[in-house]
There are 2 protein chains.
Amino acid sequence: MTTLYGLAKYFSEHDNYEIITHNYPDGDTLGSGFALCLGLQQIGKKARVITTSFPSKFRYLEIGVEKQEFEAETIIAVDVANESLLGVNTEKYKNIIDVCIDHHGSNSVYAKEKYVDRQAAANCEIIYRLLQRMNVRITRNIADCLFTGVSTDTGCFRYSNTTSETMRIAADLMEYGCSFAYINKVMFETKTKEKIQLERAVLDTITYAADGQCALIYTTLDMMKSLNIGDDEMEGLASIPRQIEGVRIGITMREKEENVYKISVRTNGNLNASDFCSRFGGGGHPAAAGCTIKGEFDFVRKLLISAAELALK
Amino acid sequence: MTTLYGLAKYFSEHDNYEIITHNYPDGDTLGSGFALCLGLQQIGKKARVITTSFPSKFRYLEIGVEKQEFEAETIIAVDVANESLLGVNTEKYKNIIDVCIDHHGSNSVYAKEKYVDRQAAANCEIIYRLLQRMNVRITRNIADCLFTGVSTDTGCFRYSNTTSETMRIAADLMEYGCSFAYINKVMFETKTKEKIQLERAVLDTITYAADGQCALIYTTLDMMKSLNIGDDEMEGLASIPRQIEGVRIGITMREKEENVYKISVRTNGNLNASDFCSRFGGGGHPAAAGCTIKGEFDFVRKLLISAAELALK
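Predicted, not measured: the structure shown is a model, and the values here were computed from it.

Some points on the interface of chain B and chain A
Right, on to step 1. Contact residues are listed per partner, giving 39 residues for chain B and 39 residues for chain A.
Right, on to step 2. For the pair chain B and chain A, the summed buried area comes to about 3,900 Å², and 55% of that belongs to carbon and sulfur atoms.
Right, on to step 3. Considering only the surface of chain B that becomes buried against chain A, Arg158, Glu189 and Gln243 of chain B emerge as the three largest contributors, covering 20% of it.
Right, on to step 4. Linking chain B to chain A there are 8 salt bridges.
Right, on to step 5. Taking the shortest distance from any N to any O, the salt bridge between Arg158 of chain B and Glu189 of chain A comes out at 3.3 Å.
Right, on to step 6. Summed over the shared surface of chain B and chain A, the result is 19 residue pairs in polar contact (both at pLDDT 80 or more).
Right, on to step 7. Looking at the side of chain B that touches chain A, the elements with two or more residues in it are α6 (164–175), α7 (180–189) and α8 (193–203) of chain B.
Right, on to step 8. A total of 8 residues in the side of chain B that touches chain A trace back to one element, the largest contributor, which is α6 of chain B.
Right, on to step 9. In terms of residue class, the side of chain B that touches chain A is built from 15 nonpolar, 11 polar and 13 charged.

Okay, here's the thing in structure tokens:
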């Protein structure tokens, strides 16, 4: 485990960086990747970001990034808790990661240099402090990347993982001119007409269990097809069941392909979502985690409800 | 117009404070009132807060406030943009307000001393800076009150009115030990089962106009009755139509009594919600305002859509 100073020194002494992000990328892994890439290019290094997908709403993150031709020499993983989260890139990178920068307590990546700060609400908080130590000037583009990560990983400063350090970093980034209102609007305040229809449909699927302490919602491939909705629209659904008064564990089942369900779990209070999901081979944070379960719809739903009832005892 | 220093001096020289808040009280007017009350009591003054109602979810704000018997001598209005917003207390107080502390640019209250800072995202930001100048120690209870106002008036730091000053004040309050996670959860993340049903019903009422640039939703007394829902549950509905992609003006019509509609208007971009509502005798902020219109449902709805179409031209 190195220090931020150690990391800054490492970055000054190496070159030709390939920065890898986790699959189903979110604002924090992409924001971390592009902020670091912009910072490295600013100090004269060659760098690029590797993503498994790049949803259109995040495209502004790559503004200012120069497309550079080079052979990768130094592999950096950002916000990647374990190698399997690299998705289709797992095999390619799993044994050659040089530096891993992350904020997941459960991080199990094998890397030559590791910096994991589980106190950081967002990985972008670490990247911000690192860029300062690297004497990178925080441009508007860098500030946009970092704010995106800080804001999205805290539910716009709403979740209990938020700290006063998070708020002060956000304040700094606002003063560096980040487009915080635009970012918050795109990430949290904008829903397509189709998304509104989806939410309405999903509200019809709520099942309560354990005296209302567990709520479960689901989407099926049929629902998605009839509403003409893609995977991009699914974000945020997982927060619906936990919001209901009295609910301690909120579960969202999304049919990804026939008889394959992606499960998102959100908990309140002292119930650990990561522990819950680890029973099914998944993981995440104490209040927000996920896993994938294969099986018939009814079987998966009953299994999850039984597991929730046990966890609530 | 006085200064914060002038206000601090005023408060040290007077006593027996009655702090008045606006009707349909929100987190900012109540947070301002109770924080100031706690601060005044801490420096040895007598003070109480007057509310027209006090929803149960805000009850934690009065923790630590001492019930004191005294004849009111000094009347302080907090977060009150005009006297009519005092509701049933309008006649009693409208000519006797000594100090008005507010952040609405449209403030028209008549008071001996006025301090209006329209740069402040929340009135509680002003109260925080004032309490510092009054040498009040920021206790956990005071921090809870102030954080409640700052968080609720910025949609949990999401809206464009948020500033880096807002974020730094929130960081300070977190360091003073405010229960930010509890407050954010209660204010933003908790919905009753009835509220979930209401949202579902309201999503069925969406009407689009002006090529999808205007969206209107409504609730009727019948809906409220059949869902067994009270006025307390209505908060937050107004943000639904503006969230829809492409919508520049989102309108919410709530039937308050037969043929009387409370209208909430939320806008994106350069459309001024306060101007829009002022045509119907209302007002508010540039992006969030309200008014009351009397008339038959169809008439009111058509009137609002016509006005929106005109404003969008």
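Regarding helix α2 (residues 27–42) of chain A
Working note: α-helix, 3.6 residues per turn, so residues spaced by three or four point in the same direction.
Residue and element names in this part refer to chain A.
Right, on to step 1. A rise of 1.5 Å per residue sets the reference length of α2, with its 16 residues, at 22 Å; its end C-alpha atoms lie 22 Å apart and thus fit the reference within 8%.
Right, on to step 2. N-capping of α2 is provided by Asp26, with a side-chain oxygen placed 3.2 Å from the backbone N of Asp28.
Right, on to step 3. Immediately downstream of α2, the backbone of Gly44 shows phi near 90°, a positive value.

Describing the pairing of strand β7 (residues 214–219) of chain B
Residues and elements named next belong to chain B.
Right, on to step 1. Most of β7 is tucked away, with 6 of its 6 residues classed as buried.
Right, on to step 2. Side chains of β7 alternate between two faces, with Cys214, Leu216 and Tyr218 and Ala215, Ile217 and Thr219 buried alike.
Right, on to step 3. Note that strand β6 (residues 207–209) and β7 share 3 bridges and pair antiparallel. Looking at the pairing, Tyr208 lines up with Ala215 of β7.
Right, on to step 4. Between β6 and β7, which pair antiparallel and follow one another directly, the connecting turn spans 4 residues, one of which, Ala210, has a positive phi of 50°.
Right, on to step 5. Pairing of β7 with strand β8 (residues 249–257), which is carried by 6 bridges, proceeds in the parallel orientation. Among the inter-strand pairings, Cys214 is bridged to a residue of β8, identified as Ile249.

Reading guide: rules and limits
Residues numbered from 1 in each chain as written. Chains lettered and ligands numbered in written order. Predicted model: local features only at pLDDT ≥ 70, side-chain atom pairs only at ≥ 80, totals over all residues. Heavy atoms only, no water. Contact = heavy atoms within 4.5 Å. Buried area = accessible area lost by both parts, 1.4 Å probe. Salt bridge = Lys/Arg side-chain N within 4 Å of Asp/Glu carboxyl O. Polar contact = N/O pair within 3.5 Å; in protein donor to acceptor, adjacent residues only side chain to side chain. Helix = DSSP H or I, 4+ residues; strand = E, 2+ residues; numbered from the N terminus. Nonpolar A, V, L, I, M, F, W, Y, C, P; charged D, E, K, R; others polar. Expected span 1.5 Å × (residues − 1). Buried < 20%, exposed > 50% of the residue type's maximum accessible area, 1.4 Å probe, protein only. Pairing = 2+ DSSP bridges.

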